[in-house]
Amino acid sequence: MKIIVTDNISEDGLNILRQDTDVDVFTNLSLDELLQKIAAYDALIVRSGTKVTREVINAGTNLKVIGRAGVGVDNIDVDKATEKGIMVINAPEGNTISAAEHTMALMMSLARNIPRACASLRSREWKRNKFMAVELFKKKLGIIGLGRIGSEVAKRARSFGMDILAYDPFISPGRVEKLGVNIASLEEIYRNADFITLHTPMNSKTYHIIGRKELDMMKEGVRIINVARGGLIDEKALYEAVKEGKVAGAALDVFEEEPPLDSPLLELENIIVTPHLGASTQEAQVNVAVQVAEQVLKALKGEPVVSAVNVPVVPPEVLAEVEPFLPLMNVLGRFYMQVYNGQIEEVELLYSGEIAHYPVAPLTTAALIGILSGILHYPINYVNALTIAKQRGIKVKELTNKSAGHYTNLITLNVTTSSGQYSVAGTLYHGNSIRIVQIGEHYLEFEPTPYMLVTSHIDQPGVIGAVGTFLGNRGINIAGMYVGREKVCGKAVMVLQVDNYIPEEVVKELAGVKPLQMVKFVQL
């Protein structure tokens, strides 16, 4: 495997990569230079400097992983990477403490006028009355985004005796209670907070989340801190609000365009600015480099990762319970595609028994991989399976049932197509031994093997003998036979495990043997 690193990361991370892969470090590459080099690499690792655009991803014909040594991935076209089946990994925990501490440092500097007071004294002035400050104690702090960094800010702000209002549509009630914060709407924060700090990703929904309208809602003398992402604040509107005195001050570590050397914000002395230093501690640089290096290597080896942003992440303790079912799901999908016809409109997975207690998203994805791999001629994996299903207009449903009849677990794949509805069901024996136990309305039980014939017919004497004779005359050995029927002389399904690959012309010839209604060769 070959990895290219295009931004500066800690040597600790590079040393981890070098133990298992060939690593090339090229910093300050132009777009043209990156486009020329990227096709030779299996993984790309960046910080915020490299823009991993659609053009770069298309040129990376061998790319399997893109690693971001940091939290935000707005410099990476995640949608395009997902479409191409490329996993995007970040290091969400590596700089959490560093960013939270920088937020508190800026908040306190803003409250106590520290940069201006320092500059004044260096100019040989002693003007104490000029820098009258405010305390954090009993002030209302509005936190927009209560993720890892926002939560750490909340903990620290509580120790200063601040009253915390937090907005996060995805936070659980238990987490709110543990942090000791009060959940509020954005409007409640804008109207009531003395300090507002931003800790949310930058996307189409959060772009300019603070603009002129929001600034007008705020209390007179509000102070604003942004150590998250440039673009969250309308910088022109902020400049005007500070100049008018509506906003007492702001502290910004990030900007919509970096470096912001021509920004009018730099002209205002009550706006504190730092050059994107939220993650700039020795500890954070080591942490993010080590974390992204470890996760990229795991991804390249096909091992589970915990920080992929475009793949459902399952905690290790949960993964241990659902992982044995992944091969079963893939088999169900591949088996279905080789037995049934029709354009797929909907895929429904019914999870019954103990498995219903666990997150089943990875299992659904595994089934989709098996299904889509049978109709598409490019790689389908855990990254792009759901996206491709959506693009093709395939609806995906998950249902759970805590009862599985006489099975400990039972997983049923129900598919609606242009020609009808079909199903296949399976389970595991002894932990990881796969069994298919239902095909359509027919119940039977067999272990899937590399080569199988699946037939349907009306139950009557002589069918099994006729098929056996046909195969025997052509030197095809039957290893096992399983029949499921609705009733005596009713519709039946037969599965034959055979030792060899059966050519298509032989399958077609067998389909002409009466009274067979359908003959399919399945290869797993």
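The structure we're discussing is the one just above.
Residues numbered from 1 in each chain as written. Predicted model: local features only at pLDDT ≥ 70, side-chain atom pairs only at ≥ 80, totals over all residues. Heavy atoms only, no water.

Asks: Quick question: what am I supposed to make of the packing of helix 14 (residues 326-339) against helix 15 (residues 361-372) here?
Replies: Axis angle and axis distance: for two packed helices, these are the angle between their axes and the distance between the axes, and together they describe the pair. Axis separation between helix 14 and helix 15 bottoms out at 7 Å; the angle between their running directions is 35 degrees. Regarding helix 14 and helix 15, the two cross each other, and that crossing is right-handed. Judged by residue contacts, Leu326, Met329, Asn330, Gly333, Arg334 and Met337 of helix 14 engage Pro362, Leu363, Ala366, Ala367, Ile369, Gly370 and Ile371 from helix 15. Broken down by class, the residue content of the contact of helix 14 with helix 15 amounts to nine nonpolar, three polar and one charged. (Axes fitted to C-alpha atoms, helices over the stretch in contact; angles between N-to-C directions. Helix = DSSP H or I, 4+ residues; strand = E, 2+ residues; numbered from the N terminus. Left-handed = near helix turned anticlockwise from the far one by under 90°. Contact = heavy atoms within 4.5 Å. Nonpolar A, V, L, I, M, F, W, Y, C, P; charged D, E, K, R; others polar.)

Asks: Before we go on, may I ask you to explain the nonpolar core in this structure?
Replies: Soluble, globular proteins show a tendency: their nonpolar side chains are buried together. Counting 47 residues, the largest nonpolar core has Met329, Phe335, Leu363, Leu413 and Ile439 as the members making the most contacts within it. Examining the composition of this core, we find that nine residues originate from one element, helix 14, more than from any other. Setting aside residues no more than four positions away along its own chain, leucine 413 makes contact with Leu332, Gly333, Tyr336, Val347, Glu348, Leu349, Ile371, Tyr422, Ser423 and Val424. (Core = buried A, V, L, I, M, F, W, Y, C linked by side-chain atoms within 4.5 Å. Buried < 20%, exposed > 50% of the residue type's maximum accessible area, 1.4 Å probe, protein only.)

Asks: Please explain the sheet that holds strand 20 (residues 478-485) as it appears in this structure.
Replies: Two strands in a sheet stick together by hydrogen bonds in their backbones, pointing the same way (parallel) or opposite ways (antiparallel). What the four strands build is an open sheet, ordered 20-21-19-22; its pairing is antiparallel. Edge positions in the sheet fall to strand 20 and strand 22 (516-523), since each has one partner strand and no second. Neighbour-to-neighbour, the strand axes of this sheet turn through a mean angle of 15 degrees, independent of strand direction. Bridge analysis of strand 19 (residues 451-458) against strand 22 gives seven bridges, and the strand direction is antiparallel. Across the sheet, the residue bridging to histidine 457 is leucine 516, located in strand 22. (Pairing = 2+ DSSP bridges.)

Asks: Help me understand the sheet that holds strand 13 (residues 344-353), please; the structure alone is not making it clear to me.
Replies: With mixed pairing, the six strands of this open sheet are ordered in space as 14-13-15-16-17-18. What marks the edges here is a single partner per strand, and that holds for strand 14 (395-401) and strand 18 (442-446). Strand-to-strand twist across the sheet, computed as the mean angle between neighbouring axes with direction ignored, equals 20 degrees. In terms of strand pairing, strand 15 (residues 409-417) meets strand 16 (residues 420-429) through seven bridges, oriented antiparallel. Paired with threonine 412 across the strands is alanine 425, a residue of strand 16. Of the strands in this sheet, strand 13, strand 15, strand 16, strand 17 (433-439) and strand 18 touch helix 14, which is tilted by about 150 degrees from strand 16.

Asks: So what exactly am I meant to see when it comes to the packing of helix 1 (residues 11-18) against helix 12 (residues 282-300) here?
Replies: Where helix 1 meets helix 12, the axes come as close as 7 Å, and the angle between the chain directions of the two elements is 20 degrees. Considered as vectors, helix 1 and helix 12 are oriented roughly parallel to each other. Note on packing geometry: the crossing formed by helix 1 with helix 12 is right-handed. Mapping the contact onto sequence places Asp12, Gly13, Ile16 and Leu17 in helix 1 and Val286, Ala289, Val290, Ala293, Glu294 and Leu297 in helix 12. The residue inventory of the contact of helix 1 with helix 12, partitioned by class, reads seven nonpolar, one polar and two charged. (Parallel < 35°, antiparallel > 145°, perpendicular 65-115°, else oblique.)

Asks: Is there a simple way to think about a nonpolar patch on the surface in this case?
Replies: Where nonpolar side chains cluster on the molecular surface, the patch consists of Ile464, Ile478, Met481 and Val483 and spans about 280 Å² of accessible area. Top element by residues in the nonpolar patch is strand 20. It accounts for three residues. Its place among the elements puts isoleucine 464 in helix 17 (residues 463-473). (Patch = residues over 30% accessible without salt bridge, like charges linked within 9 Å, V, L, I, M, F, W, Y side chains within 5 Å. Areas by Shrake-Rupley, 256 points an atom, 1.4 Å probe, with all protein chains shown as cover. Salt bridge = Lys/Arg side-chain N within 4 Å of Asp/Glu carboxyl O.)

Asks: In this structure, what is going on with the pattern of salt bridges? I would like to understand it.
Replies: Opposite charge on two side chains permits pairing when their charged atoms draw close. Taken as a whole, this structure holds 22 salt bridges when the rule is applied. Linking aspartate 77 and arginine 54 is a salt bridge whose minimum nitrogen-to-oxygen distance equals 3.8 Å. Separated by 23 residues along the polypeptide, aspartate 77 in the loop between strand 4 (65-68) and helix 4 (78-83) and arginine 54 in helix 3 (residues 54-59) bring together distant segments of the chain. Judged by its relative accessible area of 21%, aspartate 77 is partly exposed. Relative accessible area serves as the criterion here: at 44%, arginine 54 is assigned to the partly exposed category. Glutamate 152 is the partner of arginine 156 in a salt bridge, and the nearest nitrogen-oxygen pair spans 2.7 Å. Within this pair, arginine 156 and its partner glutamate 152 are both found in helix 7 (residues 148-159), separated by four residues, close to a single helical turn. Members of the salt-bridge network, linked through shared partners, are Arg212, Asp216, Glu240 and Glu244.

Asks: Any chance you could explain helix 14 here in plain terms?
Replies: Quick reminder: α-helices carry 3.6 residues per turn. Residues three or four places apart thus point the same way. Here helix 14 is 14 residues long and its end C-alpha atoms lie 20 Å apart, about the 20 Å a rise of 1.5 Å per residue gives. Judged by how many residues are buried, helix 14 sits mostly within the fold: 10 of 14 residues are covered. Turning to helix 14, its buried residues are Leu326, Leu328, Met329, Val331, Leu332, Gly333, Phe335, Tyr336, Met337 and Val339. (Expected span 1.5 Å × (residues − 1).)

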